[in-house]
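Examination of the molecular architecture
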Amino acid sequence: GNIYSTGPVTADCTVSATFAVNRYTVTPSAGANGMISPATPQTVDYNHAAIFVVTPSAGYRIGTVTGCNGTLAGDTYTTGPVTADCTVTASFVENVHSLTVTKTGTGSGTVASQPGGMLSTESIIVLTVTPSLGNVTYSNR
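Notes on the structure follow. (Residues numbered from 1 in each chain as written. Predicted model: local features only at pLDDT ≥ 70, side-chain atom pairs only at ≥ 80, totals over all residues. Heavy atoms only, no water.)

**Describing the sheet that holds strand S6 (residues 71-73)**
Going by this rule: In this scheme, strands are said to pair when DSSP sees at least two bridges between them. In DSSP terms, a helix is any run of H or I states spanning at least four residues, a strand is any run of E spanning at least two, and both are numbered starting from the N terminus. Every axis in this analysis is a line fitted to C-alpha atoms, fitted for helices over the stretch in contact. Angles between the N-to-C directions lie between 0 and 180 degrees.
The 4 strands lie next to each other as S2-S4-S7-S6, forming an open sheet whose pairing is antiparallel. Where the open sheet ends on each side, the last strands, each with one partner, are strand S2 (34-37) and S6. Averaged over all pairs of adjacent strands, the angle between strand axes in this sheet comes to 25°, irrespective of strand direction. Pairing geometry for S2 and strand S4 (residues 51-56), over 4 bridges, is antiparallel. Bridge pairing in S4 places Gly34 opposite Pro56.

**Focus on the nonpolar core**
Basically, it comes down to this: Joining through side-chain atoms within 4.5 Å is the link that ties buried Ala, Val, Leu, Ile, Met, Phe, Trp, Tyr and Cys residues into a set, and such a set is a nonpolar core. When a residue's accessible area, from a 1.4 Å probe over protein chains only, is under 20% of the maximum for its type it is buried; when over 50% it is exposed; and in between it is partly exposed.
Counting residues in each nonpolar core, the largest one holds 16 residues, and the members touching the most others are Val26, Phe52, Val54, Val65, Val82 and Val88. Sorting the residues of this core by element identifies strand S1 (23-30), S4, strand S5 (60-66) and strand S8 (86-94) as the ones contributing at least two each. In terms of residue count, the dominant contributor to this core is S8 (4 residues).

**Section: the sheet that holds S1**
A sheet is described by the order of its strands in space; here 4 strands give the open sequence S3-S1-S8-S5, paired in mixed fashion. Strands at the two margins of the open sheet, each flanked by one partner only, are strand S3 (42-45) and S5. Within this sheet the neighbouring strands show an average axis-to-axis angle of 25°, counted without direction. For S1 and S8, the ladder comprises 5 bridges, and the chain directions are parallel. In the sheet register, Thr27 faces S8, and the bridge partner there is Thr87.

**A word on the environment of Val129**
When you line up the elements, Val129 lands in strand S12 (residues 126-131). Residues Val129 and Ala112, spaced 17 residues apart in sequence, show a C-alpha to C-alpha distance of 6.7 Å.

**Let's talk about the pairing of S4**
Sheet analysis places S4 next to strand S7 (residues 76-78), joined by 3 bridges and oriented antiparallel. The residue bridging Val53 from the neighbouring strand is Thr76, located in S7.

**A look at unusual backbone geometry**
The residue after Ser37, namely Pro38, is reached through a cis peptide bond having omega 0°. On the secondary structure map, Pro38 appears in the loop between S2 and S3. Even without being glycine, Asn33 reaches a positive phi, approximately 75°. Along the chain, the position of Asn33 falls in the loop between S1 and S2. Despite not being glycine, Asn47 has its phi angle at roughly 70°, a positive value.

**Observations regarding the pattern of salt bridges**
For side chains bearing opposite charge, pairing can occur when the charged atoms are close. For clarity, the cut-off: We define a salt bridge as a side-chain nitrogen of Lys or Arg found within 4 Å of a carboxyl oxygen belonging to Asp or Glu.
A full pass over the atoms with the stated rule returns 1 salt bridge. In this structure, Asp45 engages Arg23 in a salt bridge whose closest nitrogen and oxygen atoms are separated by 2.7 Å. Here Asp45, found in strand S3, pairs with Arg23, found in strand S1; they are 22 residues apart in sequence, far enough to count as distant. A residue is classified by how much of its surface remains accessible, and Asp45, at 27% relative accessible area, is partly exposed.

**Describing the environment of Ala39**
One can find Ala39 in the loop between S2 and S3. For Ala39, a relative accessible area of 60% puts it in the exposed group.

Next up, the structure:
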């Protein structure tokens, strides 16, 4: 416990007490399509923070990073003051883009794209440009 009793004191003596800071483990965990660095568990003194850099793979972005009462600023996640073992978990989501097709000029015709809607990074889009009768297509810019 935390109580120390001496024996009968019959001469000068010294009692020494040694203290150590509690240390805790912060474990990083990255989902698919990205990484967290450092990737190994970090030992942190009581009430101190751990810092991790979160990096998505190409075509992905950081989804959420949670754990240890931390905050994300850009790609850097800083835990809150650590008072127990905890885990930092990062997830990643695929980048998506939209395609807008517009017609210009005074003629008429149709432009169709496949696929449509939301597109993932590096999607290949096929556009079919069909001028109406009596019209011509001038560019594909």
